[in-house]
Amino acid sequence: MTEQPARWTEATVHADFDGAVAEQSVAEASFRDLAREQAATDATPAGFPDLGERVGPDGIAIRELRVHRVEEYARHCGHADLLRECVDGRVGQ
């Protein structure tokens, strides 16, 4: 078995944010996208009042899906902070 190269390096860790801009129209479009995605994500589990109900081929509990959503949201907030750092240059605060 051969060793796989590291996915993230110091040179590429912020590459996703190359070209970030501080434009109001970009921010507004992003918030519209976020609202649309959140509405769609809220709609599905709302149909399952029993948080212990298991769904899908893997039998994942609705509770687990909701916890995963919180985890992902927190992770993306961290990404948003990295993006903000790229835009305004403030770090470590």
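Each chain has its residues counted from 1, following the order in which its sequence is written. Residues qualify for local features only when their pLDDT is at least 70, as the model is predicted, and side-chain atom pairs are given and counted only at 80 or more; totals for whole chains, interfaces and linings, by contrast, use all residues. Water and hydrogen atoms play no part in the side-chain values, which are based on all heavy atoms of the structure.

Draft legend 1. Here's a closer look at the overall build of the chain. Numbered from the N terminus, helices here are DSSP runs of H or I no shorter than four residues, and strands are runs of E no shorter than two. When helices and strands are counted, the chain shows 2 helices and 2 strands. For the chain, the succession of helices and strands along the chain, N to C, is α-β-β-α. Each residue is placed in one exposure class: buried if its accessible area under a 1.4 Å probe, protein chains only, is under 20% of its type's maximum, exposed if it is over 50%, and partly exposed if it falls in between. Burial status across the chain gives 5% buried among its 93 residues. Should any heavy atoms of two residues lie within 4.5 Å, those residues are considered in contact. Contacts in the chain between residues far apart in sequence, at least 24 positions, make up 35% of those at least 6 positions apart.

Draft legend 2. How the structure looks around the packing of helix H1 (residues 24-46) against helix H2 (residues 62-88). Inter-axis angles, ranging from 0 to 180 degrees, are taken between N-to-C directions of lines fitted to C-alpha atoms, where helices are fitted over the stretch in contact. At a closest axis distance of 10 Å, the pairing of H1 and H2 adopts a crossing angle of 165°. It follows from the interaxial angle that H1 and H2 lie roughly antiparallel. In this structure, H1 meets H2 at a crossing whose hand is left-handed. Residues Gln 38, Thr 41, Asp 42, Pro 45 and Ala 46 of H1 form the contact with H2, whose participating residues are Ile 62, Arg 66, Arg 69 and Tyr 73. As a working rule, the residues Ala, Val, Leu, Ile, Met, Phe, Trp, Tyr, Cys and Pro are called nonpolar, Asp, Glu, Lys and Arg charged, and the rest polar, with Gly in that last group. Its residues assigned to classes, the contact of H1 with H2 shows 4 nonpolar, 2 polar and 3 charged. Roughly parallel means an angle under 35 degrees; roughly antiparallel means over 145; roughly perpendicular covers 65 to 115; every other angle is labelled oblique. Two helices crossing with the near one rotated counterclockwise from the far one by less than a right angle form a left-handed crossing, whereas a clockwise rotation gives a right-handed crossing.

Draft legend 3. Seen up close, the pattern of salt bridges. By convention in these notes, a salt bridge is any Lys or Arg side-chain nitrogen within 4 Å of a carboxyl oxygen on Asp or Glu. Across all of its chains, the model carries 9 salt bridges by this definition. Of the charged contacts in the structure, one is a salt bridge between Arg 75 and Glu 72, with a shortest N-O distance of 2.3 Å. Of the two residues, Arg 75 and Glu 72 are both situated in helix H2; the distance of 3 residues between them amounts to about one turn of the helix. For the salt bridge of Arg 84 with Asp 81, the shortest nitrogen-to-oxygen distance reads 2.9 Å. Residue Arg 84 and its partner Asp 81 are both found in helix H2; the two are separated by 3 residues, about one turn of the helix. Residue classification places Asp 81 among the partly exposed residues on the basis of a relative accessible area of 34%. A single salt-bridge network, built from bridges that share partners, covers Asp 81, Arg 84, Glu 85, Asp 88 and Arg 90.

Draft legend 4. Seen up close, H2. Multiplying 1.5 Å by the residue count of a helix minus one yields the expected span of that helix. Along its 27 residues, H2 runs 39 Å from first to last C-alpha, staying within 8% of the 39 Å computed at 1.5 Å per residue. Downstream of H2 by one or two residues, Gly 89 has phi in the positive range, about 80°.

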